[in-house]
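Coordinates in review
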Amino acid sequence: MAEPGVETRTRSSVITARAAASFDPVGRSVATARAFVRDTLQGWGYSDVVDDAVVLTSELVTNAVIHAGTSADVLCLRTEDGVRVEVADRYPEREVPIQGTGQSFGSPDRENGRGLLLCAALASRWGVEYTPTYKQVWFQLDLPQRQVGTRSAGPVLPTSLLPVADERVRVAVVQIDRTGTIVNWNVDAEHLFGYAAEQVTGKPLTDIAAWPHTPGIGTGIVEALQLSRWEGSYGIRGADGRVIPVYASHLRVRDTHGEPSTVCLLVRDDERAVIQTPLRAPVTDTSAESRSADPFEVFIGSPAPDDLDGLLQRTVERARDMLDGDSAFLLLATDDETELEVRASTGLPSARQRFARVPVEAGTGRYSSARMPAVHDDLTAVPGAVPLLNDTGMRSVVTVPLKVEGRLTGSLGVAAEGAARYSNEEALRLQFAADRIALAVESARLGELERLRRGSLSFLVEASDLLAGTLDRDQTLALMAQMTVPTLATWCAVYTIADQSSDPYLSYVLHEDEDRIDGLKALLSKIDPPDPVPAPGARIWTAPADAAHQAALRTSMRELGRSSSPVSSGIGTTLATAAAVGGETVVLPLVARNRVIGMLTLGKPSDDHFRQEILELAEDLSRRAALALDNARLYSERTAISQALQRSLLPPGLPQVPGVEVEVIYRAAGEGNEVGGDFYDLFPIRDGAYGFAIGDVCGTGPEAAAVTGLARHALRLLAREGFGGPAVLERLNAAILDEGARSRFLTLLYGELWPQEDGSAVLKVVCAGHPLPLRLRQDGTVEPAAEPQPLLGVMEDLELYEQVVTLNPGDVLLCVTDGVTERREGTRMLGDDGLADVLTACTGLTAGAVASRVLRAVERFAAEPASDDMAILAMRVPEPHTA
């Protein structure tokens, strides 16, 4: 049912296009909805009603997602004479106040209900519709009447006032498919940028585009190519490595099969007038009811860009147009106000100047201070007065400060190629505009800094976790590089220093383009590494850029000398490398434990500069990376020492025992940086007699290793001196006790083996506190082959005895350490009985097969890795037919 005062239907009109989107009930949805409506209407060519539609949509979506707390559905309908936008929410119970019913819209200053006031003021028609599940507010905006065939026109101007262009104006037409890949490249594009069509077709536009926005903050090139229409400035990296500033107009289209693509028109930035869309002149409203215009919106335009980079770029473009300049620039002050950082420019080589820094107090003369408005009639008379404009061809310039509460926050300037173009009147106009935007710029800058700080904190936390997760040197180097590229830099190189007497060594090189890594590594290998200065902070290193420039120059000269020969591929690689390292390169020391252990080198391409925030983040990362790299070095050294010591505690090889199969398996637990306490040995005593041992020293590490070495060597020495098993172990016990506080108790199974002529083998065994050896007979029975006796290293007086065991053909003697029998999973343990069950199934197997089956059984007993060392010694007397 229609409410009085509100129209619920629009006039019958043919709908020629529609676009719809839904937005979640969160604050950021309002900005997303504005962008959706703006892009849709601009794509339809309805720029005349874009501003009003965006304002109304913003208010209605705010009512839905903020005040009603529900999702919002936005539908745009195009007709021949205008556009209809419908905004629906899921809160039908929340009625809209209607004129003429006694209900009030409320104050215009209130957030709630303001959208309906705007609809009444701005829309040609509007209305409200209710259903049991949703409420819909719609508005209709009619296109203004204009002459048929005329979109916009300007007055007749004298020839001297027309825009300046080259004799032959070239418009590059580049078509990009849905994946961002170049599919068409016209002849003008070849002339402008130096690439033949076959060189760029099939490659992403991002390979050659120098996009002016900061990744993660402003609209990136990938996002811009997805918009229905986009217009603005950026750079194209030419075939010679230089960045060519261009002005671009993007239009998103689809073919007859529904496949989308983007058509890009590109001209040189100083010829932007060829394709630039004329700005719509503001409509003056002289009615008494019209509200006073916001000076900020008058200068920037409505709606203002949502991000800092977009706001700054819009500012310099409007400032240039306002004073009819050839270029404009905006710099933001650092926190200490001692330097200004270039953040936006137009008409200048933006890629070269972006993030470059200049001191606040620069040059000489009364216009030297950035804290006061300044007008320079001729820069050639005051060299260096505005360092940003050096070698740009600009002669006259006006600069004004941006101040917030008396504090310098930036500087805005407009420059022209001619001399004496500006006076104090233009300075006052520009200062007035700067005062209008200073607060908005500072607010956006603080918001960006907060986002950067939050991102930096997350980045450092993740970096710390990754670096702490490895102790491998090579992996640490790779992580260092991968965390910096492309997040902090375009390329990086890591130099390491083995010790104070060693020169820096190029250990790792990474570039965001994998095809550039080899060329970059070759270039860095030919130049001297940076000096290992321990001073904290980043310092500029010009050697790579200089070397790349010289190499490119030499290669180009050689190619010119071969004018009759085809151009070689070498010049392309050299020029690509020169472009890759042509920007700013900085070196950060890697300092750990008061020693420089290396350098982290970060680089930018083609005259690009680092932001101070990025350098500070890189410095934090270098400190963490240095400690991780030094820890990896110490761990590697410790592991190498431990492994060498472990090898020295085990026999280098096992002798061949006639008539007896012998197999040993040894598995050390841990990460390889601890010396285990388990050991084994098999050695000849005299002709026909062999000694064997398997033992376990309490604990691990150097103390356990000392007892292990003592035991293994003492056993060999005493056995070869003719002592029997009990005497050998009693003397070893005394030697262990002599170690005093360093002594460790030792479990040991020692025996002597005599192969017999009848095919059997006689063993004399002493088991001092060690897991009992098990004997497997041919019939599958398993029984202990010895009795338990006291372990070594605890009591002084030991009375040990040996037991004689005869192994018949087919019998197996299995000896293990407690890492096998004490294998656990929860409360379960393999134990002696479990080992006996495994051995029972080994009848008829060789000694090697028996040892392998026991190892598999131990590994499968529990899912977790073994926590103790394991040694398995299997001896088998083969049957006659298998001997």
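Note that this is a predicted model, so its numbers are computed, not measured. (Residues numbered from 1 in each chain as written. Predicted model: local features only at pLDDT ≥ 70, side-chain atom pairs only at ≥ 80, totals over all residues. Heavy atoms only, no water.)

Let us now look at the overall build of the chain. Looking only at helices and strands, the chain features 20 helices and 34 strands. Here the chain holds 883 residues, and the buried ones make up 49% of them. Taking all contacts inside the chain whose residues are at least 6 apart in sequence as the whole, residues at least 24 apart take part in 63%. Carbon and sulfur atoms provide 51% of the accessible area of the chain, an area that totals close to 42900 Å². (Helix = DSSP H or I, 4+ residues; strand = E, 2+ residues; numbered from the N terminus. Buried < 20%, exposed > 50% of the residue type's maximum accessible area, 1.4 Å probe, protein only. Contact = heavy atoms within 4.5 Å. Areas by Shrake-Rupley, 256 points an atom, 1.4 Å probe, with all protein chains shown as cover.)

With that settled, the discussion passes to a nonpolar patch on the surface. On the surface, Leu157, Leu161 and Leu162 cluster together into a nonpolar patch covering about 280 Å² of accessible area. Along the chain, the position of Leu161 falls in the loop between strand 5 (135–142) and strand 6 (172–177). By relative accessible area, Leu161 is classed as exposed at 56%. (Patch = residues over 30% accessible without salt bridge, like charges linked within 9 Å, V, L, I, M, F, W, Y side chains within 5 Å. Salt bridge = Lys/Arg side-chain N within 4 Å of Asp/Glu carboxyl O.)

Under the 1.5 Å per step criterion, the end-to-end length of helix 17 (residues 725–737) is 19 Å for 13 residues, consistent within 8% with the ideal 18 Å. Every buried residue of helix 17 is accounted for by Gly725, Pro726, Ala727, Val728, Leu729, Leu732, Asn733 and Ile736. (Expected span 1.5 Å × (residues − 1).)

Turning to the packing of aromatic side chains, a few remarks are in order. Inspection of every chain in the model, using the stated rule, returns five aromatic pairs. Ring pairing ties together the aromatic residues Trp185, Phe193 and Tyr195, which thus form one cluster. The positively charged end of Arg84 is found above the aromatic ring belonging to Trp138, 4.2 Å away from the centroid. Over the ring of Phe861 we find Arg828; its NZ or CZ atom is 4.3 Å from the centre of that ring. (Phe/Tyr/Trp six-rings, centres within 6.5 Å; stacked < 30°, edge-to-face > 60°. Lys NZ or Arg CZ within 6 Å of the ring centre and 35° of its normal.)

Okay, the side chain of Asp811 next. Summarising the element assignment, Asp811 is placed in the loop between strand 30 (803–807) and strand 31 (812–816). Within the local environment of Asp811, its side chain forms a polar contact with the backbone nitrogen of Gln778, the two atoms lying 3.5 Å apart. In this structure Asp811 touches Arg775, Leu776, Arg777, Gln778, Thr806, Met875, Arg876 and Val877, once residues within four positions along its chain are discounted. (Polar contact = N/O pair within 3.5 Å; in protein donor to acceptor, adjacent residues only side chain to side chain.)

Note on placement: Arg343 falls in strand 13 (residues 339–346). Exposure remark for Arg343: the relative accessible area of 4% places this residue in the buried category. Reaching out from Arg343, the side chain makes a polar contact with the side chain of Asp309 at a distance of 3.3 Å.

The subject of this paragraph is the packing of helix 19 (residues 831–840) against helix 20 (residues 847–861). Interhelical geometry of helix 19 versus helix 20 gives an angle of 135° and a closest axis separation of 10 Å. The orientation of helix 19 with respect to helix 20, classified from their angle, is oblique. Taken as a pair, helix 19 and helix 20 cross one another with a handedness that is right-handed. Side by side, helix 19 and helix 20 meet where Leu835, Val838 and Leu839 of the first sit next to Val850, Arg853, Val854 and Ala857 of the second. Tallied by class, the residues present in the contact of helix 19 with helix 20 amount to six nonpolar, no polar and one charged. (Axes fitted to C-alpha atoms, helices over the stretch in contact; angles between N-to-C directions. Parallel < 35°, antiparallel > 145°, perpendicular 65-115°, else oblique. Left-handed = near helix turned anticlockwise from the far one by under 90°. Nonpolar A, V, L, I, M, F, W, Y, C, P; charged D, E, K, R; others polar.)

Before going further, it helps to examine helix 12 (residues 517–526). Listing the buried residues of helix 12 in full gives Ile517, Gly519, Leu520, Leu523 and Leu524. Taken around the axis of helix 12, the buried residues stretch over an arc of 165°, which confines them to a single face. Of the residues in helix 12, the exposed ones pointing more than 90 degrees away from the buried face are Asp518, Ser525 and Lys526. (Arc of directions from axis to C-beta.)

With that settled, the discussion passes to the sheet that holds strand 22 (residues 595–603). Paired through backbone hydrogen bonds, the strands of a sheet run either parallel or antiparallel to each other. Pairing is antiparallel across the open sheet formed by five strands, whose spatial order is 19-18-22-21-20. Each edge of the sheet is formed by a strand with only one pairing partner; in this case those strands are strand 19 (505–511) and strand 20 (539–540). Across eight bridges, the pairing between strand 21 (residues 585–592) and strand 22 is antiparallel. Note on strand 22: the bridge partner recorded for Val587 is Thr601. Most of the contacts of helix 11 (residues 473–484) go to strand 19, to which it runs at about 40°, and overall it touches strand 18 (491–496), strand 19, strand 21 and strand 22. (Pairing = 2+ DSSP bridges.)

Before going further, it helps to spend a moment on the confidence of the model for the chain. Here the chain averages 79 in pLDDT, and 82% of its residues register 70 or above. With pLDDT under 50 throughout, residues 214–218 is counted as low confidence; its partners more than four residues away or in other chains account for 14 contacts. (pLDDT = per-residue confidence, 0-100.)

Here we come to the nonpolar core. With 52 residues, the main nonpolar core has Leu729, Leu748, Leu763 and Leu792 as its most contacted residues. At seven residues, the largest contribution of residues to this core is made by helix 16 (residues 702–720). Beyond its immediate sequence surroundings of up to four residues, Leu763 is in contact with Phe692, Glu752, Leu753, Gln803, Val804, Val805, Leu807, Leu813 and Met875. Ala481, Ala493, Leu602 and Ala628 belong to the second-largest nonpolar core, a separate cluster that totals 50 residues. (Core = buried A, V, L, I, M, F, W, Y, C linked by side-chain atoms within 4.5 Å.)

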